[in-house]
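Examination of the molecular architecture
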Amino acid sequence: MKRSNEMKRELAENDGGPLYAGVKQVILDRIRSGEWPPRHRVPSENELVVELGVSKMTANRALRELANEGELLRIQGVGSFVAERKGYSALFEVRNIADEIAERGHTHEATVIVLAEETASPEVADALELDIGAPAFHSLIVHSENGVPVQIEDRFVNPGAAPDYLAQDFSTLTPNAYLTTAAPLSASEHIVEAVIPRAWECKLLTILQSEPCLAIRRRTWSARQVVSTARLVYPGHRYRLETRSGKMFEE
């Protein structure tokens, strides 16, 4: 009953606006104080009705809006959970995801799903500027932050630009780190889109198929040679992409 009484008191202190907004604030206060950490299960609609004395419609709206704002992750039939704090990646920089994660004080892990030579499909051949059916190196890697998958890296590499690509251990060295040395970057191309993940991508990222994702299609060049083409997929609720341009001035 202690928690229920505390939550009722907090709700009463937030009575200056709509009731659902007060419920949202009570939940946010617990999240931001650290009492409810990421992945913590928050009270259900029915539990909020009992604990706060609000209607089910009010509880539903509060949880729904917090999920839409990225504060909660709602899983049908399971419950609502405090969302992981989003990592971030520089949008128009070709950076090493392992470095980005380390800068946040977190642990990077890489799981290699595919590392093989394949024949270039028409799409891959066009992207790498190779003949259709020519050899191309393919790697499929899942990058995780503190044990949580945050990126699928599906990459095809031009063998002429990085002939030793398949000999690398990409569980300890990222393709970005290797290619930066083997074929120094001179130019890059980025296409960003919102996507619904494919079934196999959902399994690798441990998300529902209804979870929206961010996808970057990236091509890189060394001198005038295309080095690689990659499709990078990020779960929308776990990651954000950002960029900044222009000069920053202090008054």
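You'll find the structure just up there.
The text that follows walks through the structure, step by step, so that each part is easy to find. Note that the coordinates shown come from a computational prediction; the quantities given were computed from them, not determined experimentally.

1. Re the overall build of the protein chain
A count of helical and extended segments in the protein chain gives eight helices and ten strands. Across the 251 residues that make up the protein chain, the buried fraction comes to 45%. Long-range pairs, those at least 24 residues apart, make up 60% of the contacts in the protein chain with a sequence separation of at least 6. When the accessible surface of the protein chain is totalled, it reaches about 13600 Å², and 51% of it is carbon and sulfur.

2. A word on unusual backbone geometry
Positive phi values are uncommon outside glycine, yet Arg39 reaches one of about 80 degrees. For Arg39, the location among the structural elements is in the loop between helix H2 (19-33) and helix H3 (45-52). Its identity is not glycine, yet Ala223 carries a phi of approximately 60 degrees, on the positive side. If you trace the backbone, Ala223 turns up in the loop between strand S8 (213-222) and strand S9 (225-235).

3. Quick look at helix H7 (residues 175-182)
Among the residues making up H7, those that are buried are Pro175, Asn176, Tyr178 and Leu179. The arc enclosing the buried residues of H7, seen along the axis, measures out at 165 degrees, which places them on a common side. Those residues of H7 hidden inside the fold are in contact with strand S5 (135-145), strand S6 (148-157) and S9.

4. Comments concerning the side chain of Asp154
Looking at where Asp154 falls in the secondary structure, it is placed in strand S6. Salt bridges are absent for the buried Asp154, whose nearest opposite-charge side chain, Arg198, sits at 5.1 Å. A polar contact is formed between the side chain of Asp154 and the side chain of His138, at a distance of 2.6 Å. Setting aside its immediate chain neighbours within four residues, Asp154 contacts His138, Ser139, Leu140, Trp200, Thr229, Ala230 and Arg231.

5. A few points about the state of the cysteines
For the structure on display, the rule yields zero disulfides. Of all cysteine sulfurs, the one in Cys213 lies closest to Cys202, which takes part in no disulfide; the gap is 6.7 Å. For Cys213, a relative accessible area of 2% puts it in the buried group.

Parameters and conventions
- Numbers given for residues are sequential positions, taken from 1 along each chain in its written order.
- In keeping with the predicted nature of the model, local features appear solely for residues at pLDDT of at least 70, side-chain atom pairs appear and are counted solely at 80 or more, and the whole-chain, interface and lining totals rest on all residues.
- Hydrogens and water molecules were not included; the side-chain quantities draw on all heavy atoms of the structure.
- For the purposes of this entry, the term helix denotes a DSSP run of H or I that reaches at least four residues, the term strand denotes a run of E that reaches at least two, and both are numbered from the N terminus.
- We call a residue buried when its accessible area falls under 20% of the maximum for its residue type, exposed when it is over 50%, and partly exposed in between, using a 1.4 Å probe and counting protein chains only.
- Residue contacts are counted whenever heavy atoms from the two residues lie within 4.5 Å of one another.
- In short, Shrake-Rupley with a 1.4 Å probe defines the accessible areas, and a residue's cover is counted only from the protein chains shown.
- Directions from the helix axis toward the C-beta atoms define the arc.
- All tallies of charge rest on Lys and Arg as positive and Asp and Glu as negative; His and the ends of each chain are not included.
- We define a salt bridge as a side-chain nitrogen of Lys or Arg found within 4 Å of a carboxyl oxygen belonging to Asp or Glu.
- Whenever two N or O atoms come within 3.5 Å, that pair is a polar contact, provided that in protein one can donate a hydrogen and the other can accept it, and provided that, for residues adjacent in sequence, both atoms are side-chain atoms.
- Only a pair of cysteine sulfur atoms within 2.5 Å counts as a disulfide in this structure description.

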